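Working through the structure, step by step
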Amino acid sequence: MKYNITQKKDIGGTDYLLEVEAPQVAERIRPGNFVVLITVPNGERIPMSVQKAEDGKIAMFVKKLGKTSRALDACGECTTLEAVVGPMGKPVELKKFGNVVFVSDLVCGHAENYLFSQVFSKIEGNHMISMQTFPTKDEIYPEEYLAKGLCDEYYLTTKDGSVGLKGHYLEKLKELLDEGRCDIIFGGGDIPSLHELAKLTRPYEVPTIVTVRQIMVDATGMCGSCRVFVSGEMKLSCIDGPMFDATKLDFEDIISRLGMFKEAEAKAMEWCKQQQECK
Amino acid sequence: MPNIHIPRQEMPKQAPEDRRDNFNEVALGFTAELAQKEAQRCIQCKKPFCIDGCPVEIDIPAFIKFISEGDFEGALKKVREENLLPGICGRVCPQEQQCEIQCVLGKKQEPVAIGRLERFVADWGKQTGFDDEFHIEEKKKSVAVVGSGPASISCAIDLRRFGYQVTLFEALHKAGGVLQYGIPEFRLPKKIVDFEINNLDELGVDVKINTVIGQHVEFDELRGFFDAVFLGTGAGAPLFLNIEGEKLKGLYSANEFLIRTNLMKAYKFPEYDTPIICGNKVGVIGAGNVAMDAARCAVRLGADEVYILYRRTKKQAPARLEELENALEEGVILKELVNPVRVLGTDDGWVRAIELIMMELGEPDSSGRARPIPIENSEFEMELDTVVVALGTKPNRLFLNKVPELETTPWGTIQVDERLKTNMEGVYAGGDAVRGNATVILALGDGRTAARSIHAYLQNGKH
Ligand SMILES: Cc1cc2nc3c(=O)[nH]c(=O)nc-3n(C[C@H](O)[C@H](O)[C@H](O)COP(=O)(O)OP(=O)(O)OC[C@H]3O[C@@H](n4cnc5c(N)ncnc54)[C@H](O)[C@@H]3O)c2cc1C
Ligand SMILES: Cc1cc2nc3c(=O)[nH]c(=O)nc-3n(C[C@H](O)[C@H](O)[C@H](O)COP(=O)(O)OP(=O)(O)OC[C@H]3O[C@@H](n4cnc5c(N)ncnc54)[C@H](O)[C@@H]3O)c2cc1C
Ligand code: SF4
Ligand code: SF4
Ligand code: FES
């Protein structure tokens, strides 16, 4: 069985929207889940966050990064994916927290931000606050892909101040924390930023739950590649996560091992270009 | 006519210096001539002890007699009465500890090469397009089989032959369980596994890959939809050492090393997308089948030196002797009586060395093997750039976490009775999910036992 691609388009910077038909998966995706894609028969299993699940389709934001993401982007005649597996991982509890904040500054985080905002704003008693950071005005996604229209309070920041607030979400978040307006903070995106986020929120003792993107192979709990350490205890991000309490995570370990395959990935890109499959 | 003066026939193999560089199958199998010659060694015992050694009780003298008479079809039919995956078991069964250890010839000389003969007839059947003849009487009731390892494959075949509507669910993108993702190509070619999966299709089993029970489909839903369920989810979760240095780059669980290499075909990177980084000096911790497979993959991935680091000695190694010998022939170095203390890293977080402590053997422990005891102040460092932890695996929590009402043992395996029934109505389990790390043939036997129990349950609704 193959999975039909129903949409693929650039949305800003090096990111594109990928929408596929996967009714069973779409029906069950909850905030905190992810999916695993295989794009071509010889392909790797790549984990992806989901932005939206509607009408039997799921939408994702993909960054053109290495071989898999670029080859899929460049392939005009690719109309199907080999596999869409999910939902994987543990969803978060859907309940009333009060002031719920989602912060993001990178492709996967923006997708999660959208889905969380959509779901949590509908739960009675929640006040949904969303913050999204982009480098400059040029990389900002079209409005329909931002969490803006879905939450109760929204902050857009750019690192250079070209649109919205100037700076990173961390700065605006600090103001909210000082005002005592956060009951729970969710975060996704750049891992070093999430590390900073954990350092920021720790003294305020506000629960801070973030998505870890450790490298996955099977994504079913069998290989241990995605292991992370939570208060020193080993957890597997694919089945125990991918969301964990940021204040307890060993970020140095995550960042170090995320770079393990850099050389091999560069080799794959080169090969891909030679085969004229990647731009 | 039996002739015990014929020596045990050697099976042709790829030469060690050739096979170090490729993933092709090492053992090439008997020719018809060699098989018949080997078969003539069996003296057709009145009381064949070999059968007692086979977990599924194949009528060994009967099938061997057919081979000696050149009736390979008869032989294959005989084998298939009990074993539905002879091409696989003939390759990976620990024969020397099962059927062959019981063979009477083994007392004075070498036992009959039962496993090799079994493999021979299976391969003969595959080449000649042999097919079992049977008639399926369709029944309305349906059974879900979870997982696609040997336990699930055999359970699905038997249930289908009883006439049930069978759907098999596999989480990964390829079916076969450990046969597919763990055991390397050079020991069990994937075309043999794919052939068996294809046969399931042809038998009318609905094989659904990319489907994780408990995530994609909830267990309650599954139970609602099917009249009975078999759980063959295996014991695929990796074990680590819990020592310093397990965060380093270049340290893998054996499962990761093998999944990348076998399931994801990292040895064909970049043609296949998934990479593996295998250094020049590789240390594999453990001495079971999994450790041998990882070490031999490392050799083929181009490592200069590959060490098996084992806390006991060669004699106690749990791996199949044949595979241990194969590994040594390929240049793997067995370092006995050492235990890892910690893994040491470079400034940028890569494995640099391992600290080992020397061991000595003491009194036998509960497993009957001599207990290894650390020798005080004998720690030393060994330079390595890749470490593979091959200590075995435990049951996968992915599914079990989702079904807290399913009774498990203190070891995390699923609790069953002698009919392989769990504490849940209509739910049966077998293979590694129940036994922990066991063998292909035990898993296969469980699948058949469970199929009979499920058949009994669906016929009279009791249990
Ligand atoms: C839970 C989770 C959610 C994710 N969500 C998204 C998302 O919404 N959008 C998105 O663009 N990316 C997401 N990713 C990351 C995505 O899987 C990788 O970007 C992708 O695998 C890169 O493949 P590539 O061949 O294009 O690049 P490569 O050149 O192979 O890799 C580039 C970088 O991506 C990371 N990476 C590579 N392989 C994997 C892997 N198998 N698992 C995890 N990370 C990997 C590594 O940091 C690597 O250095 C997510 C990862 C995880 C674990
Ligand atoms: C590297 C290695 C080498 C080995 N060598 C030998 C050998 O030489 N000889 C021998 O006899 N034995 C050997 N073994 C042991 C043998 O492979 C196992 O005992 C046997 O495969 C167990 O079979 P099983 O059917 O119980 O499960 P498995 O083969 O483990 O299959 C279980 C399957 O279930 C799937 N699954 C799990 N959870 C779910 C879920 N929720 N939904 C859907 N699918 C799910 C898994 O993805 C997996 O494919 C070896 C094992 C390993 C790891
Ligand atoms: S199935 Fe295994 S134990 Fe039984 S006869 Fe064949 S090789 Fe021997
Ligand atoms: S014990 Fe050995 S010789 Fe006797 S029947 Fe079995 S295989 Fe043949
Ligand atoms: S990806 Fe293999 S255990 Fe999580």
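Below is a summary of the structure that appears in this document. From a predicted model like this one, the values you see are computed outputs, not experimental measurements.

Examining the site of ligand 2
Residue and element names in this part refer to chain B.
- Around ligand 2, the structure places 34 residues, and the nearest of them are Val92, Ala151, Glu170, Arg187 and Asp432.
- Contact distances for ligand 2 include 2.7 Å between an oxygen atom and a side-chain N or O atom of Glu170.
- Among the elements of the structure, helix 10 (150-162), helix 15 (289-300) and helix 19 (440-460) are those that each provide at least two residues to the shell around ligand 2.
- Residue classes in the shell around ligand 2 are distributed as 18 nonpolar, twelve polar and four charged.
- Per-domain counts for the shell around ligand 2 show at least three residues from each of domain 2 (142-236 + 394-460) and domain 3 (240-391).

Looking at the packing of aromatic side chains
- A full pass over the atoms with the stated rule returns 18 aromatic pairs over all chains.
- Ring geometry for Phe61 of chain A versus Tyr141 of chain A: centroids 5.0 Å apart, planes at 70°, classification edge-to-face. Of this pair, Phe61 of chain A sits in strand 6 (residues 57-63) while Tyr141 of chain A sits in the loop between strand 10 (127-134) and strand 11 (153-158); the two residues are 80 residues apart in sequence, bridging distant segments of the chain.
- Ring geometry for Phe97 of chain A against Phe186 of chain A: centres 6.2 Å apart, planes inclined by 75°, an arrangement best described as edge-to-face. One end of the pair, Phe97 of chain A, is in the loop between strand 8 (83-88) and strand 9 (99-104); the other, Phe186 of chain A, is in strand 13 (residues 184-188), and 89 residues separate them in sequence.
- Given a relative accessible area of 2%, Phe186 of chain A falls into the buried group.
- Taking NZ or CZ as reference, Lys126 of chain B lies 5.3 Å from the ring centre of Phe195 of chain B, over its face.
- When the ring centre of Phe229 of chain A is taken as reference, the NZ or CZ atom of Lys247 of chain B above it lies at 4.6 Å.

With respect to the nonpolar core
Residue and element names in this part refer to chain B.
- If you look at the biggest cluster of nonpolar residues, it comprises 70 residues, and the most contacted ones within it are Ile60, Phe63, Ile64, Ile67, Leu117, Leu159 and Ile454.
- Among the elements that make up this core, the one with the highest residue count is helix 19 (nine residues).
- Of the domains in this structure, domain 1 (16-128) and domain 2 (142-236 + 394-460) are the two that each give at least three residues to this core.
- For Leu159, the contacting residues outside a window of four places in its chain are Val143, Val145, Tyr164, Val166, Ala451 and Ile454.

Rules behind the numbers
- Residues numbered from 1 in each chain as written.
- Chains lettered and ligands numbered in written order.
- Predicted model: local features only at pLDDT ≥ 70, side-chain atom pairs only at ≥ 80, totals over all residues.
- Heavy atoms only, no water.
- Near = heavy atom within 4 Å.
- Polar contact = N/O pair within 3.5 Å; in protein donor to acceptor, adjacent residues only side chain to side chain.
- Helix = DSSP H or I, 4+ residues; strand = E, 2+ residues; numbered from the N terminus.
- Nonpolar A, V, L, I, M, F, W, Y, C, P; charged D, E, K, R; others polar.
- Domains from an automatic or database assignment.
- Phe/Tyr/Trp six-rings, centres within 6.5 Å; stacked < 30°, edge-to-face > 60°.
- Buried < 20%, exposed > 50% of the residue type's maximum accessible area, 1.4 Å probe, protein only.
- Lys NZ or Arg CZ within 6 Å of the ring centre and 35° of its normal.
- Core = buried A, V, L, I, M, F, W, Y, C linked by side-chain atoms within 4.5 Å.
- Contact = heavy atoms within 4.5 Å.

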